[in-house]
Amino acid sequence: MSVQSHDVQPQGVQTYSPREFHRQAHDALGNPQIRANFRKAMDGLMTKRRDSFGDWDLETLRELGANIRLRALAKLPDLLEQLEANCEANGIRVHWAEDGDQACRIIREICESHDASSVVKGKSMVTEEMHLNAHLEEAGIEALESDLGEYLVQLNEQTPSHIIMPAIHLNTDEISEILHDKTGTERTRDVDYMTAAARSQLRERFMAADVGISGVNFAVAETGTLCLVENEGNGRMTTTVPPVHIAVTGIEKVVEQLRDVPPLYALLTRSATGQHVTTYFNMISSPRKDGEHDGPKEVHLVLVDSGRSSIYQDDELLDTLRCIRCGACMNHCPVYTRVGGHTYGTTYPGPIGSILSPHLMGLDETKDLPTASSLCGACGEVCPVKIPIPDLLVRLRRESVGEGRGNVPGAGVKRTRKEAAAWKGFQWLATHPAVWRAGTAVAGKLKALMPAKLGSWTDYRTAPRPAGTTLHALVKRHQANKTHGEER
Amino acid sequence: MTPVKLYPPKPEKVYFFGTCLVDLLYPEAGLDAIRLLEREGIEVLFPEDQTCCGQPAYTSGYQQEARAVAAAQLDLFPEPWPIVVPSGSCGGMMRTHYPQLFAGSDLEERANEVAGRIHELTEFLVHVCHLKLEDRGAPEKVAMHTSCSARREMGLAETGPALLAQLGKVELVEQARGAECCGFGGTFAVRHPEVSAAMVEDKTAAIEEAGAQRFVTSDCGCLMNIGGRFAHQKTPVEGEHIASYLWRRTS
């Protein structure tokens, strides 16, 4: 089992840790700007998603999406081999990486073999997961993010706060300030001006880059095709302008057939941003062929495991790997909406992050994440591939307290003798009904002795008070009254 | 279990599972639910040995403890009568999670059988009793908070509002983000108190802004949370379990 090392952090970049969830949540909750930015953005995204599915039979489409992903996962080892063979046949060189460090090394070596000093990147969460930029910088290779949101986050020396919209924690004024500070543009609220400025800054860099690095949305096994979904054209530039293109993806992104792509694409864009289609949909099937005028001369595919194959060994947890990274679970999460993405301290925030990160980083690092949910079910309700996220959160809570299968790194880390004894006590009471009744009756009688303060509950709410009599007692009286015909 | 829920004809008798929160904190709500059922000519059986559905242990990850508590409840309903629960949360636990808890064990069949008979109160009143209500109360603006478990786990977003809609003098007001969680989430409110507080603050603000004089809910966890917040901020918006509200206005 390979748990990724998170030692390599970009210099100067503002970092967050899942160990600090409570403190980071406290800070975010107390920051009106963060609160307002997320609330407004998430409200908008929820509305757009709902409208975009309009009169579609959403449940049928989600069922189809789930089945496509499950079918791919059922055949995952075979499909990966098929993908490799078909990519190689198309002239795409395939590399396997057991963990993020190995993936970084492979990518660095490809860059070095071309004497690359500058890399331009399309949006890729898996490269965030492995801290590729920091790794390349250490080797003297400059990596520039070309997705507008990623670019802003990079300029601002931050990490993405959302998997689809990396700079969603920033508002227009903050973005204007960052561009002004770092690139010398005018301070403005004119979004078109700012976009055009960023575009022209990036355009030069595309032309000068030695290598382009992108992610992959769907890797099609039957044809060896890499699909890339994007809106800004930066993905197309990244994968076509530099002489070398390196695509990086987790091993779970493979699908069986080309015809699996349209339903997943329809679900992805609507769930993510409420779009019917994105502005760009790239299908990369080979490097530049003889006689062609453009396209990279070399295309590489790096397939990254990084804990995924151990998730795959468990028939419940493997549902985590269905994810198509739309971000709808975070957009609809009442916790994410209030604390924002950075609070989670992980590459993948929100509900999907809380069920994925424990496998990537271990439960010892991430023990507060599976509990950072009221289990309201909104995430599971909107997931386009029907991942049972609430059930998986509960499964990881079980692992945290050592009552699961013990196959998640850090299992048992949250188990304390005190809490375990408390639940044993609860079990004993709730399975001894006569004692339970006596106890609840006494609690009612003693309500005057109940403390008015109940920890953090009463910082925000009044304390619940036992009613003085129990339902058990009321029902007894009620039945006796009925028998005597004295019902009030 | 079939995903399509089939409702039985109105039975002669039902079992009533009161839930531990109702037992301890809101017993009148439980009794009012029993009265509503009895008024429909149904005999209500209250197994005395009922305690808790086991959900707090279950959602905290204490699986063995949850299973032991759940197993004790499985013995309480020997006859084939429907089991009515005045909570979407406990109802969802018994209907959805009991089969998962006992899958592959000796109790699997019994757990599935019991789960198939679980009905949340408003669901039972609407779909089995086809309840007709005559409002005797004064005009009032009311907000309904449907719990997340009732709404999503049990698919019952409509039954509470459908009952309130029968009350002629009650105006059901629409709150912003009505489907959003109030922030209770059982032990979530204890483990993440500040996040939970931010959620309930927004919930009480939305109910107040909707102009509600009162809110009703079918889950006592939400009632304790939202009601506790209103009381803490000294806002004169009262909360009530829907069973009590319906009984009070129609008796």
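Basis of the calculations
Residues numbered from 1 in each chain as written. Chains lettered and ligands numbered in written order. Predicted model: local features only at pLDDT ≥ 70, side-chain atom pairs only at ≥ 80, totals over all residues. Helix = DSSP H or I, 4+ residues; strand = E, 2+ residues; numbered from the N terminus. Buried ≥ 20, exposed ≤ 12 C-beta atoms within 10 Å, placed from the backbone. Rg over C-alpha atoms; globule rule 2.2 N^0.38 Å. Contact = placed C-beta atoms within 7 Å. pLDDT = per-residue confidence, 0-100. Nonpolar A, V, L, I, M, F, W, Y, C, P; charged D, E, K, R; others polar. Core = buried A, V, L, I, M, F, W, Y, C linked by C-beta atoms within 7 Å. Pairing = 2+ DSSP bridges. Expected span 1.5 Å × (residues − 1). Axes fitted to C-alpha atoms, helices over the stretch in contact; angles between N-to-C directions. Parallel < 35°, antiparallel > 145°, perpendicular 65-115°, else oblique. Left-handed = near helix turned anticlockwise from the far one by under 90°. Right-handed = clockwise from strand over helix to strand, strands pointing away.

Examining the overall build of chain A
Here is step 1 of the chain: When helices and strands are tallied, chain A shows 23 helices and ten strands.
Here is step 2 of the chain: When the backbone C-alpha atoms are referred to their principal axes, chain A occupies close to 100 × 55 × 50 Å.
Here is step 3 of the chain: Taking all 488 residues of chain A together, the buried fraction comes to 50%.

Focus on the overall build of chain B
Here is step 1 of the chain: The secondary structure content of chain B amounts to 13 helices and eight strands.
Here is step 2 of the chain: Computed over its C-alpha atoms, the radius of gyration of chain B comes to 18 Å, within 12% of the 18 Å expected for a compact globule of 251 residues.
Here is step 3 of the chain: Projected onto its principal axes, the C-alpha positions of chain B cover 50 × 45 × 30 Å.
Here is step 4 of the chain: Across the 251 residues that make up chain B, the buried fraction comes to 57%.
Here is step 5 of the chain: Across chain B, contacts joining residues at least 24 apart in sequence account for 78% of those joining residues at least 6 apart.

Considerations on the confidence of the model for chain B
Here is step 1 of the chain: Averaged over all residues, the pLDDT of chain B is 96; the fraction at 70 or higher stands at 99%.
Here is step 2 of the chain: Across the whole predicted complex the pTM is 0.96, and at the interface the ipTM reaches 0.97.

What to know about unusual backbone geometry
Residues and elements named next belong to chain A.
Here is step 1 of the chain: A positive phi angle, near 50°, is found at Asp 115, a position not held by glycine.
Here is step 2 of the chain: Here Asp 115 shows up in the loop between helix H5 (100-113) and strand E2 (118-121).
Here is step 3 of the chain: Judged by C-beta crowding, with 7 C-beta atoms within 10 Å, Asp 115 ranks as exposed.
Here is step 4 of the chain: You will see that Glu 157, though not glycine, has its phi angle at about 55°, which is positive.
Here is step 5 of the chain: With respect to the helices, strands and loops of the structure, Glu 157 is situated in the loop between helix H8 (148-155) and helix H9 (172-183).

Notes on the interface of chain B and chain A
Here is step 1 of the chain: Tallying the contact residues gives 51 residues for chain B and 47 residues for chain A.
Here is step 2 of the chain: Residue assignment for the side of chain B that touches chain A shows that the elements contributing at least two residues are helix H1 (20-24), helix H2 (27-39), helix H3 (55-59), helix H4 (63-74), helix H8 (148-153), helix H10 (188-191), helix H11 (193-209) and helix H12 (220-232) of chain B.
Here is step 3 of the chain: It is H11(B) that provides the largest number of residues to the side of chain B that touches chain A, a total of seven residues.
Here is step 4 of the chain: Residues belonging to the side of chain B that touches chain A are distributed by class as follows: 27 nonpolar, 14 polar and ten charged.

With respect to the nonpolar core
Here is step 1 of the chain: Membership of the largest hydrophobic core comes to 203 residues, with the highest contact counts inside it found for Val119(A), Val254(A), Val255(A), Val302(A), Cys329(A), Ile389(A) and Met94(B).
Here is step 2 of the chain: Once residues lying within four places of it in the same chain are set aside, the contact partners of Met94(B) are Cys53(B), Val85(B), Val114(B), Ala115(B) and Ile118(B).

With respect to the sheet that holds strand E6 (residues 225-230) of chain A
What holds strands together in a sheet is hydrogen bonding between their backbones, with the strands either parallel or antiparallel.
Residues and elements named next belong to chain A.
Here is step 1 of the chain: As summarised here, the arrangement of the four strands in space is E8-E5-E6-E9, forming an open sheet in which the pairing is mixed. Since the sheet does not close on itself, it has two edges, and those belong to strand E8 (254-255) and strand E9 (280-284), each with one partner.
Here is step 2 of the chain: Across five bridges, E6 lies against E9 in antiparallel orientation. Paired with Glu 230 across the strands is Tyr 280, a residue of E9.

Details of H4(B)
Residue pairs three or four apart in sequence face the same way in an α-helix, which turns once every 3.6 residues.
Here is step 1 of the chain: A rise of 1.5 Å per residue sets the reference length of H4(B), with its twelve residues, at 16 Å; its end C-alpha atoms lie 16 Å apart and thus fit the reference within 8%.
Here is step 2 of the chain: Residues Glu65(B), Ala66(B), Arg67(B), Val69(B), Ala70(B), Ala72(B) and Gln73(B) constitute the buried set of H4(B).
Here is step 3 of the chain: Of the surrounding secondary structure, the elements contacted by the buried residues of H4(B) are helix H20 (417-430) of chain A together with H3 and helix H5 (88-102) of chain B.

Examining the sheet that holds strand E6 (residues 170-172) of chain B
Residues and elements named next belong to chain B.
Here is step 1 of the chain: Strand order in the open sheet formed by four strands is E6-E5-E7-E8, with parallel pairing between adjacent strands. Only two strands of the sheet have a single neighbouring strand rather than two, namely E6 and strand E8 (238-241). Between one strand and the next, the sheet's axes are offset by a mean angle of 35°, whatever the strand orientation.
Here is step 2 of the chain: Packing against the sheet, H12 makes contact with strand E5 (140-145), strand E7 (214-217) and E8, and its axis sits at approximately 170° to E8.

Observations regarding the pairing of E2(A)
In summary, the side chains of a regular strand alternate between the two faces of the sheet.
Residues and elements named next belong to chain A.
Here is step 1 of the chain: Relative to strand E3 (residues 142-145), E2 is paired through four bridges, and the arrangement is parallel. Paired with Lys 121 across the bridge in E3 is Glu 145.
Here is step 2 of the chain: Relative to strand E4 (residues 211-214), E2 is paired through three bridges, and the arrangement is parallel. Among the inter-strand pairings, Val 120 is bridged to a residue of E4, identified as Gly 212.

A short note on H11(B)
Here is step 1 of the chain: A rise of 1.5 Å per residue sets the reference length of H11(B), with its 17 residues, at 24 Å; its end C-alpha atoms lie 24 Å apart and thus fit the reference within 8%.
Here is step 2 of the chain: Taken from the residues just after H11(B), Gly211(B) is the one with a positive phi, measuring 85°.

Re the packing of helix H3 (residues 58-74) of chain A against helix H12 (residues 261-273) of chain A
All names here are of chain A.
Here is step 1 of the chain: At their nearest, the axes of H3 and H12 sit 9 Å apart, and the two run at 120° to each other. By the angle class used here, H3 and H12 are oblique. For the element pair H3 and H12, the recorded crossing hand is left-handed. Packed against H3, whose contacting residues are Leu 61, Leu 64, Gly 65 and Ile 68, the element H12 presents Pro 263, Leu 264, Ala 266 and Leu 267 at the interface.
Here is step 2 of the chain: For the contact of H3 with H12, the residue count by class is seven nonpolar, one polar and no charged.

Points about the pairing of E7(B)
Residue and element names in this part refer to chain B.
Here is step 1 of the chain: As defined by bridge partners, E5 adjoins E7 across four bridges and the pair is classed as parallel. From the neighbouring strand, Ala 143 faces E7, where its bridge partner is Phe 215.
Here is step 2 of the chain: Direction of pairing for E7 relative to E8: parallel, over a ladder of four bridges. By the bridge assignment for E8, Arg 214 is matched with Glu 238.
Here is step 3 of the chain: In this view, the connection linking E7 to its parallel neighbour E8 by way of H12 has right-handed handedness.

Focus on the confidence of the model for chain A
Here is step 1 of the chain: In this model, chain A carries a mean pLDDT of 94, and residues with pLDDT of at least 70 account for 95%.
Here is step 2 of the chain: Between residues 1-11 of chain A, whose pLDDT stays under 50, and residues either more than four places distant or in other chains, the model counts 27 contacts.

Brief notes about the packing of H20(A) against H4(B)
When two helices pack together, their arrangement is given by the angle between their axes and by how far apart the axes lie.
Here is step 1 of the chain: Two elements in contact, H20(A) and H4(B), have axes whose closest approach is 9 Å; the angle formed by their N-to-C orientations is 10°. Taken together, H20(A) and H4(B) sit at an angle that is classed as roughly parallel. Taking contact as the criterion, the partners of Trp423(A), Lys424(A), Phe426(A), Gln427(A) and Ala430(A) in H20(A) are, on H4(B), Glu65(B), Ala68(B), Val69(B) and Ala72(B).
Here is step 2 of the chain: Residues of the contact of H20(A) with H4(B), tallied by class, amount to six nonpolar, one polar and two charged.

So, the environment of Pro390(A)
Here is step 1 of the chain: Relative to the helices and strands, Pro390(A) resides in helix H19 (residues 389-400).
Here is step 2 of the chain: When neighbours within four sequence positions are excluded, Pro390(A) is seen to be in contact with Leu375(A), Gly377(A) and Gly380(A).

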